[in-house]
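Structural description and commentary
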Amino acid sequence: MGNKKERVTRADVAALAGVSETIVSYVMNNNRYVAKDKRERVEEAVRVLNYRPNNVARALKGKPSNQILFIADHITNEYFANIVNEMDQYAYDAGYLISLCGNRNTKEFASQVISRQYDGIIISSGSFSPEYVEEFTRAGIPVVVFRRWKIQEYSGRVALLGTGLYQGARKAIRHLLDCGCRNIVFADRISKNGHPSKPDDLRLQGVIDELEANGIPLTEDYMICGCHSEEELAEVMKQKLQSGMKIDGIFGKDDYIAHTAMQAAIQSGYRVPEDIKVVGFDDSSISRFCSPKMTTIQMDQKHIAKTAIDMIVAMVAGEQPESVVYDSILIKRESTRTE
């Protein structure tokens, strides 16, 4: 017992940083103004000492926090709202409460999350750094990651959950091909920073693989990417059509993007589905209530939500669940009607 490592305390951090324990508390909780130089000294001391206040709190309380955090890119997105609604019931039944938080993808954000004493974290984000995921695991927090990329590996306690992005994209393209489309535009995500999807993005990979399997390469001309807004995406779509470029199908990365591209085509004098057929992704309300009603890809939200919670519960109990991949469903509506 004599060699047992002493637990790092707030007093240790304060001593190394040359500040009071109160200042350390303010920095860790981010609930008071602290001068930049003092904050930086505290953050450096926390890093050097590997101080984890939540682990101390857990040990002192002798019980978990019964809180799960869900981090998503767009918390107002209907799909994420539905997933959280499903997860909330399963989590509650398992004795947990779930919180939704938008991704900020910074070191400070990761530190703040760690300091909040969550028992588990679920992440659905195409931009959240693997470095921060591994910081969570080093802090002893189980993490479930919704797969977004073809290659996605972590060294810590992470469970991967495939939601059907790749399979869904292939089904969408296959359906357009079955409807006679051969000149298909892929409308990528909208990014405030103008960032296109990564090359190994699962939906993009699904599009590329299904087209190539049918002898049709996806060229840059048939991609709309790097748009900062819906207005920009609509304008690019109109420019392609007005240039005389042959387009008979559109697949949008989500329903709102597909709807934006579809409306741009209609405003340019094209008929949907007679001239151009359109498929979206997510089966959100806009796909059901727009005109024409839009064919889309539906993910198995109930099972995805339940599995995510089950994975967290298993990891809290010390188990390491196997990765799971769900399939998705093609919902046919008016935008790809052929009769």
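Heads up: these notes are all about the structure in this document.

Reading the values: the criteria
- Residue positions are counted from 1 within each chain, in the order its sequence is given.
- It should be noted that, the model being predicted, local features are given only for residues of pLDDT at least 70 and side-chain atom pairs only at 80 or more, the latter also being counted only at that level, while totals for whole chains, interfaces and linings use all residues.
- Side-chain metrics in this entry use all non-hydrogen atoms of the structure; hydrogen atoms and water are not considered.
- Runs of H or I in DSSP of at least four residues are treated as helices and runs of E of at least two as strands, each being numbered from the N terminus.
- Relative accessible area decides the class of each residue, using a 1.4 Å probe on protein chains only: under 20% of the type maximum gives buried, over 50% gives exposed, and in between gives partly exposed.
- What makes two residues a contact is simply this: any of their non-hydrogen atoms within 4.5 Å.
- By the convention used here, strands pair only if DSSP detects at least 2 bridges between them.
- Helices are assigned an expected span. That span is 1.5 Å times one less than the residue count.
- The reported arc concerns the directions from the helix axis to the C-beta atoms and nothing else.

We now examine the side chain of Thr-336. With respect to the helices and strands, Thr-336 occurs in the segment after strand E12 (328-331). For Thr-336, a relative accessible area of 4% corresponds to the buried category. Those residues within four positions of Thr-336 in sequence are excluded, and the remaining contacts are His-175, Leu-176, Cys-179, Pro-273, Lys-277, Val-278, Val-279 and Thr-295.

Cis geometry marks the peptide bond from Val-272 to Pro-273; its omega dihedral reads 15°. Cis rather than trans, the peptide bond between Ser-291 and Pro-292 has omega equal to -5°. You can see Pro-292 is positioned in the loop between helix H12 (285-289) and strand E10 (296-299). In this model, Asn-105 sits at a positive phi of 50°, which is unusual for a non-glycine residue. Tracing the backbone through its elements, the reader meets Asn-105 in the loop between strand E2 (97-102) and helix H6 (107-114). Its identity as a non-glycine residue notwithstanding, Asp-282 has a phi of 120°, on the positive side.

With that settled, the discussion passes to the sheet that holds strand E8 (residues 249-252). Spatially, E7-E6-E8-E9 is the arrangement adopted by the four strands of the open sheet, whose pairing is parallel. Two strands in the sheet have a free side with no partner beyond their single neighbour: strand E7 (223-224) and strand E9 (277-279).

Along its 14 residues, helix H3 (residues 36-49) runs 20 Å from first to last C-alpha, staying within 8% of the 20 Å computed at 1.5 Å per residue. Taken residue by residue, H3 has Arg-39, Val-42, Ala-45 and Val-46 as its buried positions. Within H3, the buried residues cover an arc of 125° as seen down the axis, which keeps them to one side. Exposed positions of H3 whose direction lies more than 90 degrees from the buried face are Lys-36 and Arg-47. Of the residues one or two after H3, Asn-50 is the one with positive phi, at around 55°.

The buried count for strand E5 (residues 158-162) comes to five of five residues, which makes it a mostly enclosed element. Because side chains alternate across E5, one face comprises the buried residues Val-158, Leu-160 and Gly-162, and the other comprises Ala-159 and Leu-161, equally buried. The sheet contact formed by strand E4 (residues 143-146) and E5 spans four bridges and is parallel. In the strand pairing of E5, Val-144 is matched with Ala-159. As paired elements, E5 and strand E11 (residues 324-325) share two bridges and run parallel to each other.

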